[in-house]
Amino acid sequence: MTTANEMDAAGRAKIKEIICDILEIDLDEMTDTSRFKEDHEADSMGAIEILSQLERAFGVDIDQADLARMVNLDGVVAVVSEAVAAKELQAN
């Protein structure tokens, strides 16, 4: 079960794959803390596309205000984990 503070390895890998696909970079180019804009030349449209793909992939709603936290893989994993946990709480 995923909690707000943790995401299993498969979920983290799925997030990384989605981001790398959108940013058109190899998986090994992205670290947990490399910044999308500064290190990988992401733009605001890329950020919106990442948000949209993650919502579809994980079946969650992510507030656009959370984009400010989604600057690297660790940030995205935290936001998605929180969204998944909130969805699970609503289901119970």
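Treat the numbers as computed from the prediction; the structure is a model and nothing was measured.

1. Section: the side chain of Ser34
Line of reasoning, step 1. By the secondary structure assignment, Ser34 is in the loop between α1 (9–23) and α2 (36–40).
Line of reasoning, step 2. Given a relative accessible area of 8%, Ser34 falls into the buried group.
Line of reasoning, step 3. For Ser34, the side chain forms a polar contact with the side chain of His40, separated by 2.8 Å.
Line of reasoning, step 4. In contact with Ser34, not counting residues within four places along its chain, are Glu29, Asp39, His40, Val71, Asn72 and Leu73.

2. Side note on the nonpolar core
Line of reasoning, step 1. Ile15, Ile19, Leu54, Ile62 and Val80 are the most contacted members of the largest nonpolar core, which totals 25 residues.
Line of reasoning, step 2. Ranked by residue count, the leading element in this core is helix α4 (residues 73–91), at seven residues.
Line of reasoning, step 3. Those residues in contact with Ile19 that lie beyond four places of it in its chain are Met30, Phe36, Ile50, Leu73 and Val76.

3. Let's talk about the pattern of salt bridges
Line of reasoning, step 1. Scanning the model with the defined rule gives five salt bridges in all.
Line of reasoning, step 2. For Asp74, the salt bridge identified is with Arg12, shortest N-O distance 2.4 Å. Within this pair, whereas Asp74 is found in helix α4, its partner Arg12 is found in helix α1, the two being separated by 62 residues in sequence.
Line of reasoning, step 3. By relative accessible area, Arg12 is classed as partly exposed at 23%.
Line of reasoning, step 4. The network of salt bridges with common partners includes Arg12, Asp32 and Asp74.

4. Things to note about the side chain of His40
Line of reasoning, step 1. For His40, the position within the fold is in helix α2.
Line of reasoning, step 2. Discounting chain neighbours no more than four positions away, the residues touching His40 are Leu23, Ile25, Glu29, Met30, Ser34 and Arg35.

5. Digging into the packing of α1 against helix α3 (residues 44–58)
Line of reasoning, step 1. Where α1 meets α3, the closest approach of the two axes is 10 Å, and the angle between their N-to-C directions is 145 degrees. Seen along the crossing, α1 lies across α3 with a hand that is right-handed. For the pair α1 and α3, contact is made by Gly11, Lys14, Ile15, Ile18, Ile19, Ile22 and Leu23 and by Gly46, Glu49, Ile50, Gln53, Leu54, Ala57 and Phe58, respectively.
Line of reasoning, step 2. Considering only residue class, the contact of α1 with α3 consists of nine nonpolar, three polar and two charged.

6. Here's the deal with the packing of aromatic side chains
Line of reasoning, step 1. Counting across every chain of the model gives zero aromatic pairs.
Line of reasoning, step 2. Over the aromatic face of Phe58 sits the side chain of Lys14, whose NZ or CZ is 5.1 Å from the ring centroid.

Here is what the cut-offs are and how they apply
- Residues numbered from 1 in each chain as written.
- Predicted model: local features only at pLDDT ≥ 70, side-chain atom pairs only at ≥ 80, totals over all residues.
- Heavy atoms only, no water.
- Helix = DSSP H or I, 4+ residues; strand = E, 2+ residues; numbered from the N terminus.
- Buried < 20%, exposed > 50% of the residue type's maximum accessible area, 1.4 Å probe, protein only.
- Polar contact = N/O pair within 3.5 Å; in protein donor to acceptor, adjacent residues only side chain to side chain.
- Contact = heavy atoms within 4.5 Å.
- Core = buried A, V, L, I, M, F, W, Y, C linked by side-chain atoms within 4.5 Å.
- Salt bridge = Lys/Arg side-chain N within 4 Å of Asp/Glu carboxyl O.
- Axes fitted to C-alpha atoms, helices over the stretch in contact; angles between N-to-C directions.
- Left-handed = near helix turned anticlockwise from the far one by under 90°.
- Nonpolar A, V, L, I, M, F, W, Y, C, P; charged D, E, K, R; others polar.
- Phe/Tyr/Trp six-rings, centres within 6.5 Å; stacked < 30°, edge-to-face > 60°.
- Lys NZ or Arg CZ within 6 Å of the ring centre and 35° of its normal.

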